[in-house]
Amino acid sequence: MASDSPVNILLVDDHAENLLALEAILSPLGERLVFAHSGSEALKCLLQQDFAAILLDVQMPDMDGFETAALIRGRVRSQSTPIIFLTAINKSETHVFQGYSLGAVDYLFKPLVPDVLRSKVAVFVDLYRKSEEVRQQAERLRETVSELEHQISERRRAEAALQRAHDELELRVEERTAGLAAANHALQTEIAERERAQRGLWFLAEAGRLLTASLDYHTTLPEVAALAVPAIADWCAMDLVGEEGALERLVEVPDPSTQAAFPLPLQVSAAAQGKQPPSSKPRRAASPTSASQGWTSVIRVPVELRGQHLGQILCATAGERGYDDADQTLVEALARRVAAALDNARLFEEAKEALRARDTFLSIAAHELKTPLTVLVGYIEVLRRRVEREGGLDERNLRALQVVGEHSNRLNRMIISLLDLSRIETGQLSIERHEVELGTLLRRLVEETQPMMEQHRLLLHCPEEPLVITGDELRLHQVLHNLIQNAVKYSRAGSAIHLDLRRSGNEALIAVRDEGIGIPGDALPQLFSRFYRAPNIDMHRVGGMGIGLFVVKEIVTLHGGEVEVESVEGEGSTFFIRLPLA
Ligand code: ADP
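Residues numbered from 1 in each chain as written. Predicted model: local features only at pLDDT ≥ 70, side-chain atom pairs only at ≥ 80, totals over all residues. Heavy atoms only, no water.

Enquirer: Tell me about the site of the ligand, and please be specific about residues and values.
Expert: Surrounding the ligand, one finds 21 residues, the nearest of these being N486, Y490, D514, R533 and L549. The backbone of G546 places a nitrogen or oxygen atom 3.2 Å from an oxygen atom of the ligand. At a separation of 3.2 Å, an oxygen atom of the ligand approaches a polar backbone atom of G548. Across the complex, the protein chains shield 98% of the 520 Å² of accessible surface that the ligand would expose by itself. Those elements that provide at least two residues to the shell around the ligand are α10 (473–489), α11 (548–558) and β17 (572–580). At three residues, α10 tops the list of elements feeding residues into the shell around the ligand. Broken down by class, the residue content of the shell around the ligand amounts to 12 nonpolar, six polar and three charged. (Near = heavy atom within 4 Å. Polar contact = N/O pair within 3.5 Å; in protein donor to acceptor, adjacent residues only side chain to side chain. Areas by Shrake-Rupley, 256 points an atom, 1.4 Å probe, with all protein chains shown as cover. Helix = DSSP H or I, 4+ residues; strand = E, 2+ residues; numbered from the N terminus. Nonpolar A, V, L, I, M, F, W, Y, C, P; charged D, E, K, R; others polar.)

Enquirer: Describe the nonpolar core, and please don't skip the residues or the numbers.
Expert: Nonpolar side chains tend to gather and get buried jointly when the protein is soluble and globular. In this structure, L438, L480, L501, I510, F575, I577 and L579 are the most contacted members of the largest nonpolar core, which totals 51 residues. The residues contacting F575, other than those within four sequence positions of it, are L483, I510, A511, V512, I519, L527, F528, L549, E564 and V565. Core analysis: the second largest hydrophobic core is formed by 34 residues, L227, A228, I232 and L240 among them. (Core = buried A, V, L, I, M, F, W, Y, C linked by side-chain atoms within 4.5 Å. Buried < 20%, exposed > 50% of the residue type's maximum accessible area, 1.4 Å probe, protein only. Contact = heavy atoms within 4.5 Å.)

Enquirer: An account of the side chain of T574 is needed here, citing residue identities and associated values.
Expert: Note on placement: T574 falls in strand β17. Discounting chain neighbours no more than four positions away, the residues touching T574 are A511, V512, R513, E564, V565 and E566.

Enquirer: Report on the packing of helix α1 (residues 16–26) against helix α5 (residues 114–213), specifying residues and quantitative values.
Expert: Running from N to C, α1 and α5 point in directions that differ by 70°, and their axes come no closer than 9 Å. On the basis of their axis angle, the class for α1 and α5 is roughly perpendicular. On the side of α1, the interface is formed by L22, I25 and L26, while α5 contributes P114, L117, R118 and V121. (Axes fitted to C-alpha atoms, helices over the stretch in contact; angles between N-to-C directions. Parallel < 35°, antiparallel > 145°, perpendicular 65-115°, else oblique.)

Enquirer: How would you summarise the pattern of salt bridges if you had to cite specific residues and measurements?
Expert: The tally for this structure, following the rule as stated, stands at 37 salt bridges. Across the pair E349 and K352 runs a salt bridge whose closest N-O atoms are separated by 3.5 Å. Residue E349 and its partner K352 are located together in helix α7 (residues 325–390), separated by three residues, close to a single helical turn. The shortest N-O distance in the salt bridge between E448 and R444 comes to 3.5 Å. In this pair, E448 and R444 are both assigned in helix α9 (residues 438–449), four residues apart and thus about one turn of the helix distant. Its relative accessible area of 38% is what places E448 among the partly exposed residues. (Salt bridge = Lys/Arg side-chain N within 4 Å of Asp/Glu carboxyl O.)

Enquirer: Give a description of helix α3 (residues 65–74) that names residues and reports values.
Expert: All of the buried residues along α3 are G65, F66, T68, A69, I72 and R73. Looking straight down α3, one finds that the buried residues subtend no more than 160° of arc, so they occupy a single side. The inward-facing, buried residues of α3 abut α2 (39–48), β3 (53–57), β4 (83–87), α4 (93–101) and β5 (104–109). A side-chain oxygen of the first residue of α3 lies 3.1 Å from the backbone nitrogen of F66; this N-cap is D64. (Arc of directions from axis to C-beta.)

Enquirer: Account for a nonpolar patch on the surface, with residues named and values stated.
Expert: On the surface, a cluster of nonpolar side chains totalling about 310 Å² of accessible area is made up of V375, Y379 and V382. Along the chain, V375 falls in helix α7. (Patch = residues over 30% accessible without salt bridge, like charges linked within 9 Å, V, L, I, M, F, W, Y side chains within 5 Å.)

Enquirer: Now, about the packing of aromatic side chains: what can you tell me, with residues and values included?
Expert: In the structure shown here, the tally under the stated rule is six aromatic pairs. Each ring, one from F528 and one from F575, has its centre 6.4 Å from the other, and the planes form 80°; the classification is edge-to-face. A residue pair is termed long-range when its members are at least 10 positions apart, and F528 in the loop between β15 (507–513) and α11 and F575 in strand β17 qualify at 47 residues. Taken individually, F528 and F575 each receive the classification buried, so the pair is uniform in this respect. (Phe/Tyr/Trp six-rings, centres within 6.5 Å; stacked < 30°, edge-to-face > 60°.)

See the structure below:
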């Protein structure tokens, strides 16, 4: 109800004129006046609507005002509706008292004073309006409270739903975390495995490098064992089959940081390997009292080559993690490399032995041949001189004698070369040291050699100044003679051979240049190796042993000098000899 809308006022009187009079008095209030002509009619009206006030005539037939008031008060809805009794007759104190005891708010006597009545009714109207407002406010408050309660309950429902979602999420997060932890663990394991594999590969590569660095396995195997500890083991041993056919320990490396350093015997017991055949898989140590006391796990791998048992590798670990198949495979790979290294060392020793035998034979043969050959060459010379002096041989026999002489000399040179080679091999080639003037030496060499060379011209170029070195004149003569002989051998008839001597800083530089077949570029690095002959020569037509340049280099080196070669195949070669000046 709006605060300014009219309120109901119930007027009860059995006389219509009284009702009219009341209407006249109260109309100015502007409220809605409801008329009832009896008590029962009044009660009906009260059933249908609420009233701000009831003006009730006391004196009525059937049901008087008091009875009506009693019934009005008996109903909850109208319990507190203000009742003003109006009477023209019942004015005694008893009546008034009865009226008030029935809950009347006023008891007015007729004739009524219009202003008084109006203002009294106005008060109740106002009261009604106020209480109606309060009621409405209380109603609105209730609505608000209920709205709030609704909101709170909605909020609680939402919170419960949120909590459920949260719980579900937490569960999922937990599941997910567990999944991630498992994946992480798997990843860590894989990483650790990969790292192990990489360490294994690194170890094998490094072991391979050590094993091929030298052919002396007495050095390399201990190095490899030292690499194995701690790379793959806490203790490592390598045993080789000795001359007696029994295993002998070559090396044993314990890890100094490991407490459990108990060496394993040559024959690892069944207990140490978990009562398995000796060549089998890695074993966890069976009991603490066994030979493997202190080790978590032991690997024994035989070293074999082409079915031959060469030895064994033993690895032991005291770590938490014992060995597995991957470790076994790694040690087997190591054993194969060790076997190959042992084989190489053996082959190398055999080759060295064969070379020693060859050199011994060469030395003995050369010495044995040298004595009769010297006698032969000497007698041919005697014969030649005698014939020269006394004559007596015809042209054919003279030629035959010359051929015998030439070939004896050649044979002699070859034997001398072989003897030189043998001396170099045994470190017995030595030089004498005297002052040698190289210009003089070269001039004498040309004088001696030119007459013997019918097919080639020797062109010598020497400086005015003397170039003196300290050395062995005979050996230097041999070197230059050898280079000139080669120049002759490897160039066509009629070509020139140039000999040049000059100073180059603190050195004397001798160049022997020919216009011959030259030397292929890829043959140059091996040219001064023994027995080497370049592939561009005709081996059948041009004799030689591939020793000359080897001896040349040795002699020049003993003089503190160097020998080099420059050549263009098909155009010629130049050999340079540098010797430090005295
Ligand atoms: P040999 O001449 O007995 O074969 P050397 O040791 O004197 O042995 O020479 C080694 C090789 O060097 C020769 O076989 C030849 O192939 C090459 N060689 C040496 N000197 C010359 C040269 N002046 N011209 C071309 N090749 C040469």
